[in-house]
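# Structure assessment
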Amino acid sequence: MVFGFIKKLTGKDNDLVKKGDELFYRGEYDKALAKYNETLMINKDNGDAKRGIEKIKEIENLKRRGYILFIECKYSDALERYEEVLKLNPNDKKVKGRIEDINKIIMLKEEGNKLMSKKEYDKALIKFEEVLKLNPNDLEVKNKINEINRIKTEKAFKYYVELGDKEFKNNNYLKAKDYYNTALAYKNDLKVKEKIKEVEKFIKIRTLKEEGKRLSNNGHYTNALKKFEEVRSEEHT
């Protein structure tokens, strides 16, 4: 008690408060809190130390609530909490950084939605993926990304089916089959599988005809006849 009284008389408690304040404005709240508590051990009536502790408690509470709101993607509400922190400590770099992230997220989502409405899906995807780098919990953005990927998949599927149909009409069966198989990589579709079966049938018929002609040209008429009979059988199945 006597030792504490001497420190109080020499202004040691005020020196500790000043150090606490310096740490406070640097955002080093744990160290600042330690200095304020040390001050109160010397002088339990030091008002500046008590106010410093209360401000730290308020800041920590605001930051905790702001973070929860951020994770819940309630960006406007989170922004309000973080701005309240800056009223208590304008130098809090971590909070300033979080505010920058929130403002960037809001901007990216707006840009992504505009691009999506214009059907510029690749550009929109880039914006939404940038949002998830800042907040991986944004379910709305995840749903947007899933929707874009679904649209892109359907678009690619239709594109390759159309190419396959075009090649099939031009009797380019091998190319048609390749395009249909590529389409199946995007979407497991029964109709496309049936198209592939039909293409494979025409490929087989053409191969049998070519073999039959070759055998006939080489004078192997019996074997050639068998090939042509196979062609007839395939054409009627």
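The model shown is predicted, which means the values in this text are computed figures rather than measured ones.

Here the focus is the overall build of the protein chain. The helix and strand tally for the protein chain stands at 11 helices and zero strands. Computed over C-alpha atoms, the radius of gyration of the protein chain comes to 37 Å, more than 25% over the 18 Å expected from 2.2 N^0.38 for 237 residues, which places it beyond the range of a compact globule. Across its three principal axes, the protein chain shows a C-alpha extent of roughly 125 × 35 × 25 Å. Out of the 237 residues in the protein chain, the part that is buried amounts to 32%. Of the contacts made within the protein chain by residues no fewer than 6 positions apart, 47% connect residues no fewer than 24 positions apart. Surface accessibility of the protein chain: about 15700 Å² in total, with carbon and sulfur atoms responsible for 51%. One finds the centroid of the 55 positive side-chain charges in the protein chain at a distance of 2 Å from the centroid of its 44 negative side-chain charges.

Taking 1.5 Å per residue as the helical rise, helix α6 (residues 93–117) with its 25 residues ought to reach 36 Å, and the 36 Å between its terminal C-alpha atoms agrees with that figure. Every buried residue belonging to α6 is among Val-95, Ile-99, Ile-102, Ile-105, Leu-108, Lys-109, Gly-112, Leu-115 and Met-116, and all of these are buried. In this structure, the buried residues of α6 make contact with α4 (47–71), α5 (75–88), α7 (121–134) and α8 (139–169). Where α6 begins, one side-chain oxygen reaches toward the backbone nitrogen of Lys-94, 3.2 Å away; that side chain belongs to Asp-92. At the exit of α6 stands Lys-119, carrying a positive phi of roughly 65 degrees.

On to the packing of α8 against helix α10 (residues 190–217), then. In the contact formed by α8 and α10, the axes pass within 12 Å of each other and the chain directions differ by 25 degrees. The angle between the axes of α8 and α10 places the two elements in the roughly parallel class. Between α8 and α10 the crossing geometry is left-handed. Each of Phe-157, Val-161, Asp-165 and Phe-168 in α8 lies in contact with α10, whose residues at this interface are Val-192, Lys-195, Glu-198, Val-199 and Phe-202. For the contact of α8 with α10, the class distribution of residues is six nonpolar, no polar and three charged.

What follows concerns the packing of aromatic side chains. Pairs of aromatic rings are described using the distance from one ring centre to the other and the angle between the two planes. All told, the structure shown has nine aromatic pairs when counted by the stated rule. Counting every residue linked through ring pairs, the aromatic cluster contains Tyr-159, Tyr-160, Tyr-179 and Tyr-186.

What follows concerns the nonpolar core. Membership of the largest hydrophobic core comes to 36 residues, with the highest contact counts inside it found for Phe-24, Tyr-36, Ile-102, Phe-128 and Ile-148. Beyond its immediate sequence surroundings of up to four residues, Ile-102 is in contact with Phe-70, Tyr-75, Ala-78, Leu-79 and Tyr-82. Core analysis: the second largest hydrophobic core is formed by 10 residues, Phe-157, Ala-183, Val-192 and Ile-196 among them.

Here we take up the environment of Asp-92. Along the chain, Asp-92 turns up in the loop between α5 and α6. For the pair Asp-92 and Lys-169, spaced 77 residues apart in the sequence, the C-alpha separation amounts to 69 Å. What Asp-92 contacts, discounting residues up to four positions off in sequence, is Tyr-29, Lys-63, Val-85 and Leu-86. At 3.2 Å, the side chain of Asp-92 forms a polar contact with the backbone nitrogen of Lys-94.

This part covers the environment of Lys-44. The topology assignment puts Lys-44 in the loop between α3 (29–42) and α4. Residues Lys-44 and Asn-91, 47 residues apart in the sequence, show an inter-C-alpha distance of 28 Å.

Along the chain, Lys-109 turns up in helix α6. Judged by relative accessible area, which is 13%, Lys-109 ranks as buried. Those residues within four positions of Lys-109 in sequence are excluded, and the remaining contacts are Tyr-75, Phe-128, Val-131, Asp-138, Glu-140 and Val-141.

Of all residues in the protein chain, 95% have pLDDT values of 70 or greater, and the mean over the chain is 92. Per-residue pLDDT, averaged within each element of the protein chain, yields its smallest value for helix α1 (residues 2–9) (44) and its largest for α5 (98). Below a pLDDT of 50 lies the segment residues 1–7, which in the model reaches four contacts outside its immediate sequence neighbourhood of four places, other chains included.

Calculation criteria
Residues numbered from 1 in each chain as written. Predicted model: local features only at pLDDT ≥ 70, side-chain atom pairs only at ≥ 80, totals over all residues. Heavy atoms only, no water. Helix = DSSP H or I, 4+ residues; strand = E, 2+ residues; numbered from the N terminus. Rg over C-alpha atoms; globule rule 2.2 N^0.38 Å. Buried < 20%, exposed > 50% of the residue type's maximum accessible area, 1.4 Å probe, protein only. Contact = heavy atoms within 4.5 Å. Areas by Shrake-Rupley, 256 points an atom, 1.4 Å probe, with all protein chains shown as cover. Lys, Arg positive; Asp, Glu negative; His and termini not counted. Charge placed at Lys NZ, Arg CZ, Asp CG, Glu CD. Expected span 1.5 Å × (residues − 1). Polar contact = N/O pair within 3.5 Å; in protein donor to acceptor, adjacent residues only side chain to side chain. Axes fitted to C-alpha atoms, helices over the stretch in contact; angles between N-to-C directions. Parallel < 35°, antiparallel > 145°, perpendicular 65-115°, else oblique. Left-handed = near helix turned anticlockwise from the far one by under 90°. Nonpolar A, V, L, I, M, F, W, Y, C, P; charged D, E, K, R; others polar. Phe/Tyr/Trp six-rings, centres within 6.5 Å; stacked < 30°, edge-to-face > 60°. Core = buried A, V, L, I, M, F, W, Y, C linked by side-chain atoms within 4.5 Å. pLDDT = per-residue confidence, 0-100.

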